[in-house]
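# Structural overview for review
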Amino acid sequence: MTKGTILIVDDTPENLHVLSATLSQQGYQVRGVIKGKMAIRAAGSALPDLILLDINMPDLNGYEVCEQLKQNPQTAQIPVIFLSALDEVTDKVKGFQSGGVDYITKPFQIEEVLARVENQLTIRRLQRQLMEQNQQLQLEIQERMKAEAAAEAASKAKSEFLANMSHELRTPLNAILGFTQVMNRDLEISTEQREYLGIINRSGEHLLELINDVLDLSKIEAGIISFNEGSFDLYRLLDELEEMLQIKALTKNLGLNFIISSAVPQYIKTDKQKLRCCLINLLGNAIKFTESGHVQLRVKLEAGELGRWGSGGDKEDKGASIEFPIPKQQRTNNKGQTTLIFEVEDTGFGITPEEIDNLFYAFVQTSAGIKSAEGTGLGLTITKRFVELMGGNISVNSVVGKGTVFRFDIQLTPADMSEAVTQPTRRVIALEPGQENYRILVVDDTEENRILLVKLLEPIGFEVKEATNGMEGISLWESWQPQLIFMDTRMPIMDGLEATKQIRDKEQSYQDAETRRHGDTETQRKEAGGDKEDKEAILNSQFSILNSQFSNTIIIALTASTFEERRGEILNIGSDDFVRKPFPEDVIFAKIAEYLGVRYLYEDLSPATTTTHKFNSVSKHNSFFLPELAAMPSSWLTDLYHAANQVREESIFELIEQIPENKAHLAKSLRELAHDFRLDIIVRLTKDIIK
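This section reports on the structure supplied with the text. From a predicted model like this one, the values you see are computed outputs, not experimental measurements.

## Comments concerning the overall build of the protein chain
- The helix and strand inventory of the protein chain stands at 25 helices and 20 strands.
- Expressed as a percentage of its 691 residues, the buried residues of the protein chain come to 43%.
- A sequence separation of at least 24 residues applies to 73% of the contacts in the protein chain between residues at least 6 apart.
- Accessible surface for the protein chain amounts to roughly 36,000 Å². Of this, 51% is attributable to carbon and sulfur atoms.

## Considering the packing of aromatic side chains
- Throughout the structure, instances matching the rule amount to eight aromatic pairs.
- Aromatic side chains F342 and F408 sit 5.0 Å apart centroid to centroid with 15° between the ring planes, which places their arrangement in the stacked category. Placement of the pair is F342 in strand 11 (residues 338-346) and F408 in strand 13 (residues 403-412), with a sequence separation of 66 residues.
- Accessibility expressed as a relative area gives 0% for F342, which makes it buried.
- Aromatic side chains W477 and Y510 sit 6.3 Å apart centroid to centroid with 20° between the ring planes, which places their arrangement in the stacked category. Of this pair, W477 sits in helix 14 (residues 470-480) while Y510 sits in helix 15 (residues 496-528); the two residues are 33 residues apart in sequence, bridging distant segments of the chain.

## Thoughts on the packing of helix 13 (residues 447-457) against helix 19 (residues 585-596)
- Relative to each other, helix 13 and helix 19 sit at 70°, their axes nearing to 11 Å. In terms of their interaxial angle, helix 13 and helix 19 are classed as roughly perpendicular. Between helix 13 and helix 19 the crossing geometry is right-handed. Counting all contacts with helix 13, which are made through L453, L456 and L457, the residues of helix 19 involved are E585, I588, F589 and I592.

## Some points on the sheet that holds strand 1 (residues 5-9)
- Pairing in this open sheet of five strands is parallel, and the strands run 2-1-3-4-5 from one edge to the other. The open sheet has two free edges, formed respectively by strand 2 (29-33) and strand 5 (102-105), since each of these has just one partner strand. Going across the sheet, the axis of each strand differs from the next one's by a mean of 20°, ignoring polarity.
- One ladder, built from four bridges, connects strand 3 (residues 50-54) with strand 4 (residues 80-84); its direction is parallel. Within the sheet, the bridge partner assigned to I51 lies in strand 4 and is V80.

## Here's the deal with the state of the cysteines
- Scanning the model with the defined rule gives zero disulfides in all.
- You can see C277 has no disulfide; the closest cysteine sulfur is in C278, sitting 5.8 Å from it.
- C277 sits in the buried class, given a relative accessible area of 17%.

## Concerning the pattern of salt bridges
- Using the criterion set out here, one finds 28 salt bridges in the structure.
- Between E345 and R298 there is a salt bridge, and its shortest N-O distance comes to 2.8 Å. Linking E345 in strand 11 with R298 in strand 9 (residues 294-301), this pair joins segments that are 47 residues apart in sequence.
- For E345, a relative accessible area of 5% translates into the label buried.
- For the salt bridge of E628 with K663, the shortest nitrogen-to-oxygen distance reads 3.3 Å. On the criterion of sequence distance, the pair formed by E628 in helix 21 (residues 622-630) and K663 in the loop between helix 23 (649-657) and helix 24 (664-675) is long-range, its members being 35 residues apart.
- Judged by its relative accessible area of 25%, E628 falls in the partly exposed class.
- Residue K663 is classed as buried on the basis of its relative accessible area of 17%.
- Three or more residues are tied together by salt bridges with common partners; here these are R298, E343, E345 and R407.

## Digging into the side chain of E388
- Position of E388 relative to the elements: it lies in helix 11 (residues 379-389).
- Relative accessible area serves as the criterion here: at 12%, E388 is assigned to the buried category.
- Among the polar contacts listed, one links the side chain of E388 to the side chain of K384, at a separation of 3.0 Å.

## Here we look at the nonpolar core
- Residues L234, L275, L279, L297, L340, F342 and F408 are the most contacted members of the largest nonpolar core, which totals 42 residues.
- Going through the elements one at a time, helix 7 (234-251), strand 7 (255-260), helix 8 (272-288), strand 9, strand 11, helix 11, strand 12 (394-399) and strand 13 are the ones with two or more residues in this core.
- Apart from residues no more than four positions distant in its own chain, F342 is found in contact with L275, L279, L297, R298, V299, F406, R407, F408 and I410.
- V428, V442, F486 and Y600 belong to the second-largest nonpolar core, a separate cluster that totals 27 residues.

## Thoughts on the pairing of strand 5
- Summarising the sheet, strand 4 and strand 5 pair through four bridges and their orientation is parallel. Bridging across to strand 5, I81 finds its partner in D102.
- Between the parallel elements strand 4 and strand 5, the chain passes through helix 4 (residues 89-97) in a crossover that is right-handed.

## Observations regarding the environment of H17
- Within the element layout of this structure, H17 appears in helix 1 (residues 13-25).
- Remark: the alpha-carbon pair of H17 and G32, spanning 15 residues in sequence, is separated by 8.6 Å.

## Some remarks on the sheet that holds strand 15 (residues 439-443)
- Ordered by their spatial adjacency, five strands build an open sheet running 16-15-17-18-19, and the pairing between neighbours is parallel. Two strands lie at the open edges of the sheet, namely strand 16 (463-467) and strand 19 (577-580), each paired on one side alone. Pairs of neighbouring strands in the sheet enclose a mean axial angle of 20°, with direction left out of account.
- Across the face of the sheet, helix 13 comes into contact with strand 15, strand 16, strand 17 (484-488) and strand 18 (554-559) while running at roughly 175° to strand 16.

## Things to note about unusual backbone geometry
- Backbone torsion omega between K106 and P107 reads -5°, so that peptide bond is classified as cis.
- Take P107: it is sitting in the loop between strand 5 and helix 5 (110-184).
- The phi dihedral of Q481 is positive, around 55°, even though this residue is not glycine.
- Secondary-structure assignment places Q481 in the loop between helix 14 and strand 17.
- With a phi close to 65°, I493 is a non-glycine residue in the positive phi region.
- The topology assignment puts I493 in the loop between strand 17 and helix 15.
- For I493, a relative accessible area of 68% puts it in the exposed group.

Rules and cut-offs
- Along every chain, residues carry numbers that run from 1 in the direction the sequence is written.
- For a predicted model such as this one, the threshold for reporting local features is a pLDDT of at least 70, and the threshold for listing and counting side-chain atom pairs is 80 or more; totals across whole chains, interfaces and linings nevertheless cover every residue.
- Hydrogens and water are ignored here; the side-chain numbers use all heavy atoms of the structure.
- Numbering of helices and strands starts at the N terminus; helices are DSSP runs of H or I of at least 4 residues and strands are runs of E of at least 2.
- Relative accessibility thresholds used throughout: buried, under 20% of the residue-type maximum; exposed, over 50%; partly exposed, between the two (1.4 Å probe, protein chains only).
- Whether two residues are in contact is decided by their heavy atoms: any pair within 4.5 Å suffices.
- Here the open area of atoms and residues is found with the Shrake-Rupley method and a 1.4 Å probe, where only the protein chains shown may cover a residue.
- We call Phe, Tyr and Trp rings a pair once their centres come within 6.5 Å, taking the six-membered ring for Trp, and we label the pair stacked below 30 degrees between planes, edge-to-face above 60, and tilted otherwise.
- With axes taken as lines fitted to C-alpha atoms, and helix axes fitted only over the stretch in contact, angles between N-to-C directions fall between 0 and 180 degrees.
- Throughout this description, any angle smaller than 35 degrees is read as roughly parallel, any larger than 145 degrees as roughly antiparallel, any in the 65 to 115 degree range as roughly perpendicular, and the remainder as oblique.
- Working rule for handedness: look at the near helix, and if it is turned counterclockwise from the far one by less than a right angle, call the crossing left-handed; if clockwise, right-handed.
- Whether two strands pair depends on DSSP finding at least two bridges between them.
- To count as a disulfide, a pair of cysteine sulfur atoms needs to be within 2.5 Å.
- Basic side-chain nitrogens of Lys or Arg form a salt bridge, by our definition, when they fall within 4 Å of a carboxyl oxygen of Asp or Glu.
- Within 3.5 Å is the distance limit for a polar contact, defined as a pair of N or O atoms, with the added protein rule that one can donate a hydrogen and the other accept it, and that residues adjacent in sequence qualify only through two side-chain atoms.
- By nonpolar core we mean a set of buried residues, namely Ala, Val, Leu, Ile, Met, Phe, Trp, Tyr and Cys, connected to one another through side-chain atoms within 4.5 Å.
- Convention used here: a crossover is right-handed provided that the path from the first strand, over the helix, to the second strand proceeds clockwise when the strands point away from the viewer.

Structure (C-alpha cells):
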C-alpha cells in the first residue's frame with residue numbers, strides 16, 4: 001500500500017531525481033516525465049493522485065499543461081502544484097488562474113514540498129470520501145424514494161382492499177339489520193318471534209362493531225380518521241350504556257355503578273360515536289376481566305371532586321402499582337372549552353408491569369385477554385387514538401390482583417341546544433294525505449338491498465322502482481323521471497358514481513337546450529306562420545319531456561365504505577347526499593323528507609317498543625340456576641356441559657326437552673340462554689355443579 005501516486009513534470013533531470021527519491025522514501029509511488037505533452041499522456045493513461053508541475057518547459061509550458069488537464073473531464077479533478085523558479089506575484093496568480101492548487105518557488109526545501117504534498121493529498125482523500133458518501137447518500141435517497149413509492153402503492157392497495165372488504169361485509173349486514181326493522185313493523189308477529197328478531201339484531205350489531213374496529217384501526221393507520229363534532233345529551237348516552245352493560249355485569253354478579261358529578265353538563269359537544277366507543281371498550285374490558293367486586297364509571301369536570309381511585313376500599317399497596325400515561329399532545333385549551341374527565345375502575349385481575357408497556361399497541365392482549373379468547377386486541381389502541389382526537393389523554397393505573405383504573409379526559413365546547421335536545425321517539429307509518437305521488441328509484445346490484453328499500457318505502461305510500469346497475473338506472477331515470485334516486489356506489493357494468501355523473505351531464509345539456517329554446521322561440525314562430533297560439537303549442541310540446549327533466553333529480557348515494565375521503569368524492573361527482581350502510585330506517589325517511597319536503601304520519605313508540613331490554617335468563621343470578629340445576633341427574637348435567645362446551649345446539653335443546661314439567665321455569669330459562677347464544681353461561685353453571 002502506498003500513500004499515493006505522484007506525477008512529477010520537470011525538464012531538469014536533477015530535479016526529477018531528487019524529488020523522486022525523496023517522495024519514494026516517504027512511501028509515495030512516483031513517476032517522472034520531462035515534457036508537457038508527455039505529462040498530459042501519462043496523466044490520462046494512469047490517473048495520479050497529484051501532479052508536481054514545472055512551468056518553464058520546451059514544448060508546452062506548465063500553464064498550458066495545467067489548462068489542458070483541467071479541460072479534460074477525466075483529469076480535471078487531479079490537484080496540480082506548480083514548482084518554478086518564477087517568483088513574481090503575476091506568475092503565481094497566473095498559476096492559480098490556470099487551475100493550480102498550490103505554488104512552490106525554486107530553490108525549494110524538501111520539508112516544505114513534503115508538507116504541501118501531504119496537505120493536498122489529504123484534501124484529495126477527504127474530497128473523495130465526501131464524493132463517495134454523497135454517492136452513497138444519493139443511492140440511499142433513491143432507495144428510500146423507491147421504498148416510499150412501494151409503501152404508497154401498498155397503502156393504496158390496502159385502502160382498496162379495505163374498501164372492498166367494507167363493502168362486502170357491510171352490504172349483507174345492511175340486509176340483516178334492515179330486514180329485522182322491516183319485520184319488526186309487522187304487528188301480527190308473536191312475542192317469541194320479536195325476541196328472535198332482537199337476537200338477530202344484537203348479533204348483527206355485535207358483528208358490525210368487530211368489523212368497525214378493524215376498519216377504524218386501518219383508518220387510523222392511514223391517517224384519514226376524522227373528528228365529527230356534534231351536540232348531544234350526555235346523560236341519555238350514559239343511561240343507555242348503563243342499561244346495556246348492566247346485563248353483562250349481572251351475569252357475573254358484579255356491581256356496576258355510574259357516578260356523575262352534579263357539575264357535569266347534561267348537553268355537551270364532541271364526537272358522540274367516538275366517546276361512546278371509548279366508554280364501551282373500557283367498561284366492557286372491565287366487566288370481562290373482573291370476576292368479583294364492582295366496576296365503576298366516574299365522570300366529573302376537571303375542577304370537580306369525586307374522590308380518588310381506591311377511596312372506597314383498601315388499596316394502599318402503592319408499591320405494586322404502575323402508571324403508564326400516554327404522552328400529552330400539544331393542545332391549547334381555547335376560551336370556552338371545558339375538560340371532562342372519565343374514570344373506569346374495576347376490581348379485576350390487574351395488569352402486570354411487563355404487560356402494561358405494550359397495552360395500547362394493536363393486536364396486543366394481556367394474559368387475561370388471551371385466556372378469555374375474546375376480542376381483537378384493538379379496543380385500547382382505538383380508544384387511545386379516539387381520546388387524542390377529542391383533545392385528551394388516557395392513562396392507566398393498575399395493582400395486580402386488586403384492580404385497574406383507566407382515566408381519560410376530553411375537551412368540550414359549548415353545546416348547541418337545538419341540536420342536542422332529542423325529539424320524542426316516533427316511527428313513520430304513512431304519508432300525510434294530500435301530497436303528490438313521489439317516485440323513488442333504487443339502484444343497487446344486491447337484490448337484498450333493493451328488496452329492503454322497496455319493503456320499507458312502498459307500505460308508506462311511495463312509488464318505487466328498481467335497477468340493478470348504473471346503466472339501467474339512467475334508462476329508468478330518463479323514462480320514469482323519479483324525484484329521488486338511492487344510488488349504490490359500487491356496481492358492475494356501471495357504478496353509481498359514473499351513473500350520477502352521466503345524469504348530471506344530461507341534466508346540464510337539457511338546461512342548455514332550454515336556454516336556447518327561449519332564445520329561438522320568436523324566430524321559429526315567425527318561420528312557422530299561421531295561428532300564433534297553435535304554433536306556440538306545437539313548440540312547447542316538442543320540449544315537454546325536456547322541461548320535465550330540467551329539474552334536477554335528488555341523488556342520495558348508498559355506500560358501504562367507512563372512509564371519510566369518499567364523502568368528498570361522492571358529493572363532488574354530483575350526489576346531493578350519502579348514507580352509509582347499514583342504515584336505520586329513520587335515516588332513510590329523514591333524507592327523503594329533507595330533500596323532497598315529504599310530510600309523514602307517525603306512530604309514537606312506547607319505551608317497551610323502542611328499547612326491548614328484557615332481563616331474561618341472561619340476567620338471572622346464580623341463586624336461581626344453581627339450586628335448580630343441582631336437582632337434575634348428574635348424568636344429564638354432564639351431557640349438558642359437554643353439549644354446551646362443544647357447541648352442539650341440537651343436543652342442548654334435546655336435553656332441555658328432557659326436563660320435567662315441574663321445572664318448566666328452568667327449561668324456559670335454559671332455552672332463552674341457548675337462543676341468545678350464551679352457551680358460555682351454561683358451561684360455567686354446569687361446570688360449577690359437576691365440581
